[in-house]
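Tertiary structure, described
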Amino acid sequence: VACGADGCVYPGVASEVDMLSYTERSRQVTLLGKKLAGRIPFIVGASAPDPAQVIAHIQVGVRAGAAAAMVIAPGALAHDIVAQTAFFDQIASASTLPIMLQNQPVPIGAGLSADGVARIARAVPNVRYIKEETLPCGQNLTKIREACGDTILGVFGGAGGRYIVDELARGSLGTMPAAEFTDVHVQLVNAWRAGDTAKARDLFMYTLPALNFQAVFRMHMTKETLRRRCVLNTTHVRGKGPAMDPGDHVELSALLDRLAPHFETFWQPTPASAE
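Residues numbered from 1 in each chain as written. Predicted model: local features only at pLDDT ≥ 70, side-chain atom pairs only at ≥ 80, totals over all residues. Heavy atoms only, no water.

1. Some thoughts on the packing of aromatic side chains
The final tally for this structure, using the stated rule, is 5 aromatic pairs. Ring centres of tyrosine 129 and phenylalanine 156 lie 6.1 Å apart, and the angle between their planes is 55°; this geometry places the pair in the tilted category. Remark: phenylalanine 156 occurs in strand 6 (residues 154–157) and tyrosine 129 occurs in strand 5 (residues 127–132); sequence separation between them is 27 residues. In textbook terms, an aromatic cluster arises when at least three aromatic residues are bridged by ring pairs, as seen for Phe181, Phe263 and Trp267. Above the face of the phenylalanine 263 ring, arginine 229 is positioned so that its terminal group lies 3.8 Å from the ring centre. (Phe/Tyr/Trp six-rings, centres within 6.5 Å; stacked < 30°, edge-to-face > 60°. Helix = DSSP H or I, 4+ residues; strand = E, 2+ residues; numbered from the N terminus. Lys NZ or Arg CZ within 6 Å of the ring centre and 35° of its normal.)

Shown next, in the form of structure tokens:
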């Protein structure tokens, strides 16, 4: 909110959603709704392998004031579009919130083709948004927009913000990366919307090395960055994946020093750690 974001989504892949219990997710979504207090819309991350679990997460989001629900196309159903459509139809039929279909690459999601995503969206009216994250993201975003037409309200980008300029150029409604560079992404999107594409591309060039670093270390990098930005007190990560060693902490310091002039808030440099 302080960084000027248009909305908030929680929990998602960057929130270690697969590592949270139902009780943890419910408590944190409830706390988020209270904290936001309607100042900006939030999208509840409701992904789960079973439709009944998804519906339960959506209901928690409804009570917390969510504006929509984001659901990953399950990897277990792979490219079976009939099964994927049935999955989303069952959820959408029980949901009072519009659904955002999140198309995540394998192994987290199904990595559906653009045509497959469009077929699901056309068949399930309550799927109103798409979050497209499979490569090539820009081409797939274009294909989905053209195939869906006005059957959806629009497509968002993701993939950590690593393709954000291409996505915006192709008509993306916005992007949903992790939260470590929210203020910089807000500046970038606002510049693009104002027609200052040169500034937007300059900001993209500043963020990209750090986002490439994040693509390797994922939540370890995100949490350490948020710790250094005085948002988090701990960098404990539950999920699998490579942890940062002392050399990586030094490299992260160099990357953040280059980005620091563009941080508008939450920046008080602290010594590198190797937690």
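2. Comments concerning the layout of surface pockets
When its volume is computed, the second largest pocket comes out at roughly 690 Å³. Those elements that provide at least two residues to the lining of the second largest pocket are helix 1 (22–36) and helix 2 (51–64). Ranked by residues supplied to the lining of the second largest pocket, first place goes to helix 2 with 3 residues. (1 Å grid on protein atoms, 1.4 Å probe; cavity = no way out; pocket = protein on both sides within 12 Å on 5 of 7 lines; lining within 4 Å. Points joined across faces, edges and corners; volume = space filled by probe spheres on them.)

3. Concerning helix 8 (residues 197–217)
Here helix 8 is 21 residues long and its end C-alpha atoms lie 30 Å apart, about the 30 Å a rise of 1.5 Å per residue gives. Every buried residue belonging to helix 8 is among Ala200, Leu203, Phe204, Thr207, Ala210, Leu211, Phe213, Gln214 and Phe217, and all of these are buried. As for helix 8, its buried residues are in contact with helix 6 (164–169), helix 7 (182–193), helix 9 (219–228) and helix 10 (246–259). Two residues or fewer after helix 8 comes arginine 218, characterised by a positive phi angle close to 50°. (Expected span 1.5 Å × (residues − 1). Buried < 20%, exposed > 50% of the residue type's maximum accessible area, 1.4 Å probe, protein only. Contact = heavy atoms within 4.5 Å.)

4. Considering the side chain of glutamine 214
Among the secondary structure elements, glutamine 214 is positioned in helix 8. For glutamine 214, the side chain forms a polar contact with the side chain of threonine 222, separated by 3.2 Å. (Polar contact = N/O pair within 3.5 Å; in protein donor to acceptor, adjacent residues only side chain to side chain.)

5. Side note on empty space enclosed by the protein
Scanning the model with the defined rule gives 1 cavity of 30 Å³ or more in all. Estimates place the volume of the largest cavity at around 30 Å³. Along its surface, the largest cavity is lined by Pro11, Arg25, Ser26, Val29, Val44, Gly45, His57, Val60 and Gly61. The class makeup of the residues in the lining of the largest cavity is 4 nonpolar, 4 polar and 1 charged. (Nonpolar A, V, L, I, M, F, W, Y, C, P; charged D, E, K, R; others polar.)

6. Here's the deal with the sheet that holds strand 4 (residues 99–103)
The strand order 1-2-3-4-5-6 describes an open sheet built from 6 strands, whose pairing is parallel. A single partner strand is all that each edge strand has here, and the edge strands are strand 1 (8–10) and strand 6. Between one strand axis and the next, the sheet turns through 25° on average, direction left out of account. In this structure, strand 4 lies alongside strand 5, joined through 5 bridges in parallel fashion. When the bridges of strand 5 are listed, methionine 100 appears paired with tyrosine 129. Along the sheet, helix 2 makes contact with strand 2 (42–45), strand 3 (68–72) and strand 4, crossing strand 2 at roughly 155°. (Pairing = 2+ DSSP bridges. Axes fitted to C-alpha atoms, helices over the stretch in contact; angles between N-to-C directions.)

Distances and angles like these do not, on their own, reveal function.
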